[in-house]
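What the coordinates show
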Amino acid sequence: MSRGIALLLDYDNASRTTLVNRLHEWQWPVLATTDARLMAHYLNDQRITICIANATLFSDPQSDLKIISSTLSPHQKIVLAGGDPWLYMALNATWLAYVLWLPYPVPHTLLEAIVRPTPVADDRVVLATDHIEADSPGLFAIDPIQRRLYLGHREVRLSKDELKLLQYLYDANGRLCQYKELAQLLYPSHYDEEESRHLLRGRMYYLQSKIERDPKNPRYLVCERGVGYQLRVPRKQSAANPQPQLLA
């Protein structure tokens, strides 16, 4: 299915946290809510491409699902977890094109088959020398044409969105950039600070895992909890023409 934002509706904190973390691992930006009334509202946003909902949160399944069905666009899918699948499927035959049913708690292996994207070469990290234990001091160069980051002895391939985020942080020259400020680079909309943080979390975590030797103790891409992100790099080199021989 096409990529976009995943909407998660669940009241159980442990289940919700586990599922959010798994979706982030699969590179999905996530909006999570415990309020069934907000589900239809969020589905009006065309960037929402899949909604995973704990069906027990519907007070009146038939009425609630009819309301939701009226807001769905052809590219959006609903994954209902738990409840009676026959009740949902009996509502309307056209639901079969939009709705999938899974047991609750959601089996991650089944969900992965639905939502996990096919790996893309540009999302891979290529290490020039895997045995190098530390990055060479002073080398941090971005090639926007080839979408590459040259970091010490490593070459890191970047997606378009990763390049956009990294270049913005680099140009900020060490300034701490707020969640909402960064989120608007990818999702220009009305999202507030909390929603922006959720949307950014998966993207930035994956970018950290590509850049940092130890993502839990980042050296370059640092998160200031509750505020935003800061890029800490040597200042300031040519980003347009990094020299490949430096990778040897």
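Everything here concerns the structure above.
Residues numbered from 1 in each chain as written. Predicted model: local features only at pLDDT ≥ 70, side-chain atom pairs only at ≥ 80, totals over all residues. Heavy atoms only, no water.

**Section: the pattern of salt bridges**
All told, the structure shown has seven salt bridges when counted by the stated rule. Salt-bridge contacts for R47 lead to D45; the nearest nitrogen and oxygen are separated by 2.9 Å. Using a relative accessible area of 23% as the deciding quantity, one classes R47 as partly exposed. The shortest N-O distance in the salt bridge between E162 and K210 comes to 2.8 Å. With E162 in helix α6 (residues 160-171) and K210 in helix α8 (residues 193-211), this residue pair connects regions lying 48 residues apart in the sequence. For E162, a relative accessible area of 7% translates into the label buried. (Salt bridge = Lys/Arg side-chain N within 4 Å of Asp/Glu carboxyl O. Buried < 20%, exposed > 50% of the residue type's maximum accessible area, 1.4 Å probe, protein only. Helix = DSSP H or I, 4+ residues; strand = E, 2+ residues; numbered from the N terminus.)

**Remarks on helix α7 (residues 179-186)**
Among all positions in α7, only Y179, L182, A183 and L186 are buried. Along α7, the residues classed as buried sweep out an arc of 100° about the axis, all on the same side. (Arc of directions from axis to C-beta.)

**Quick notes on the sheet that holds strand β2 (residues 30-33)**
Read from one edge to the other, the open sheet built from five strands follows the order β2-β1-β3-β4-β5, with strand pairing classed as parallel. Every interior strand has two partners, whereas the edge strands, β2 and β5 (99-102), have only one. Neighbour-to-neighbour, the strand axes of this sheet turn through a mean angle of 15°, independent of strand direction. Pairing analysis gives five bridges linking strand β3 (residues 48-54) to strand β4 (residues 77-81), with the strands arranged parallel. Pairing of N54 across the sheet is with A81, part of β4. The strands touched by helix α1 (residues 13-25) are β1 (5-9), β2 and β3; relative to β2, the strand with the most contacts, the crossing angle is about 170°. Lying over the sheet, helix α5 (residues 108-115) contacts β3 and β5, oriented at roughly 160° with respect to β5. (Pairing = 2+ DSSP bridges. Axes fitted to C-alpha atoms, helices over the stretch in contact; angles between N-to-C directions. Contact = heavy atoms within 4.5 Å.)

**Comments concerning α1**
For α1, which comprises 13 residues, the first-to-last C-alpha distance of 18 Å matches the rise-based estimate of 18 Å (1.5 Å per residue) to within 8%. Buried within α1 are the following residues: S15, R16, L19, V20, L23 and H24. The arc that holds every buried residue of α1, seen down its axis, measures 160°, which confines them to one face. Turning to α1, the residues buried within the fold contact β1, β2, β3, α5 and α8. (Expected span 1.5 Å × (residues − 1).)

**What about the sheet that holds strand β11 (residues 221-224)?**
In spatial order, the strands read β10-β12-β11; together these three strands make up an open sheet with antiparallel pairing. In this open sheet, the two strands that pair with only one neighbour each are β10 (177-178) and β11. The sheet strands contacting α6 are β10, β11 and β12 (228-231), and the helix crosses β12 at an angle near 70°. The sheet contacts of α8 involve β10, β11 and β12, and relative to β11 the element is tilted by about 155°.

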